[in-house]
Amino acid sequence: MCRWLAYTGSPVLLDDLIYKPTNSLVVQSLHSRLGAEATNGDGFGVGWYDEHAPTPGVFRSIEPAWSDRNLRELAEHVRAGVVLAHIRATSGTAVQQTNCHPFRHGRWLWMHNGLLAGFSAMKRDLVLAIDPELFPLIEGSTDSEVLFYLALTFGLEKDPPTAVARAVGLVEEVGRTHGIAFPVQMTVATSDGTRLWAFRYSTEGQSRSLFRNTDVAVLRQQYPENPVLHDLADSTRIVVSEPLGDLKGAWHEVPESSCLTIEGGQEELQPFRPAT
């Protein structure tokens, strides 16, 4: 499987997010504590939004995150207020740049931890359900990218929770026709640069781990001597596959079968159910 991080708040260096934390994403690429695999070395990607371009920047590589010198160089110079970062452990598809997350379409970024079980059996049915105008834009061979384009087909750009619910509902319907008992395992993050959505769901009801940070203002009161907390705006929100450190009370588990929406430091947590 994989590990990922989604950040929204005051602009920070990528270095502060993916290298400096005690249990940073780079550390997790070698020594994941809660992932299905301890090592996530089949490539990585980072996407960020800034004021310089209408679409987010994306840097992806098939190198392991722990050894990529270009990632280290980039992280020390790029500053952004919305960041999505991902380290990959392939579930069977090729190790190539076009299979690394996050995926991009216009202003939208998308990344996924998990798998669509039995994807090879379902793939033809699923790709035929993608909008014909979107289909030529698919570059890689992963189930994650197909799920992204299904969500786009069902209206991700207008109503993300409904679009993702319909995409997941279709996958489960197709899975049933192929005799696949538990076709969906996912934590997903997607953003348009203003809002961030995170989903945790699996057909089996045993989803991969997902956490969100405690309100920074509350943490600052609890740990007044912690200098890191004083550099973060109160609006800062981080959603991660596993906590970035061991600060007590700093992380809350995102509930099973839920959708978390974040905008301007405000959060809304709702149940997530597939739709048809």
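Bear in mind that the values here come from a model prediction, so they are computed numbers and not experimental data. (Residues numbered from 1 in each chain as written. Predicted model: local features only at pLDDT ≥ 70, side-chain atom pairs only at ≥ 80, totals over all residues. Heavy atoms only, no water.)

### Section: the overall build of the chain
Thinking step 1. Along the backbone of the chain there are eight helices and 13 strands.
Thinking step 2. For 276 residues, the compact-globule formula gives about 19 Å, and the C-alpha radius of gyration of the chain, at 18 Å, lands near that figure.
Thinking step 3. Considered along the principal axes of its C-alpha atoms, the chain spans approximately 55 × 40 × 35 Å.
Thinking step 4. Split into buried and exposed, the 276 residues of the chain put 53% on the buried side.
Thinking step 5. Considering only residue pairs separated by 6 or more positions, the chain has 68% of its internal contacts joining residues 24 or more positions apart.
Thinking step 6. Between the mean site of the 23 positive side-chain charges and the mean site of the 33 negative ones, the chain shows a separation of 2 Å. (Helix = DSSP H or I, 4+ residues; strand = E, 2+ residues; numbered from the N terminus. Rg over C-alpha atoms; globule rule 2.2 N^0.38 Å. Buried < 20%, exposed > 50% of the residue type's maximum accessible area, 1.4 Å probe, protein only. Contact = heavy atoms within 4.5 Å. Lys, Arg positive; Asp, Glu negative; His and termini not counted. Charge placed at Lys NZ, Arg CZ, Asp CG, Glu CD.)

### Side note on the sheet that holds strand β9 (residues 211-213)
Thinking step 1. A sheet is described by the order of its strands in space; here seven strands give the open sequence β3-β2-β4-β1-β10-β9-β11, paired in antiparallel fashion. Looking at strand neighbours, the two that pair on one side only are β3 (57-61) and β11 (251-253), the edges of this open sheet. Looking at each pair of strands side by side, their axes are set apart by 15° on average, direction ignored.
Thinking step 2. Pairing of strand β2 (residues 44-49) with strand β4 (residues 79-88), which is carried by six bridges, proceeds in the antiparallel orientation. When the sheet's bridge partners are listed, Tyr49 is paired in β4 with Val82. (Pairing = 2+ DSSP bridges. Axes fitted to C-alpha atoms, helices over the stretch in contact; angles between N-to-C directions.)

### Concerning the pattern of salt bridges
Thinking step 1. Applying the stated criterion across every chain yields a total of 12 salt bridges.
Thinking step 2. Across the pair Glu267 and Arg237 runs a salt bridge whose closest N-O atoms are separated by 2.8 Å. Remark: Arg237 occurs in strand β10 (residues 237-240) and Glu267 occurs in strand β13 (residues 266-271); sequence separation between them is 30 residues.
Thinking step 3. Relative accessible area serves as the criterion here: at 30%, Glu267 is assigned to the partly exposed category. (Salt bridge = Lys/Arg side-chain N within 4 Å of Asp/Glu carboxyl O.)

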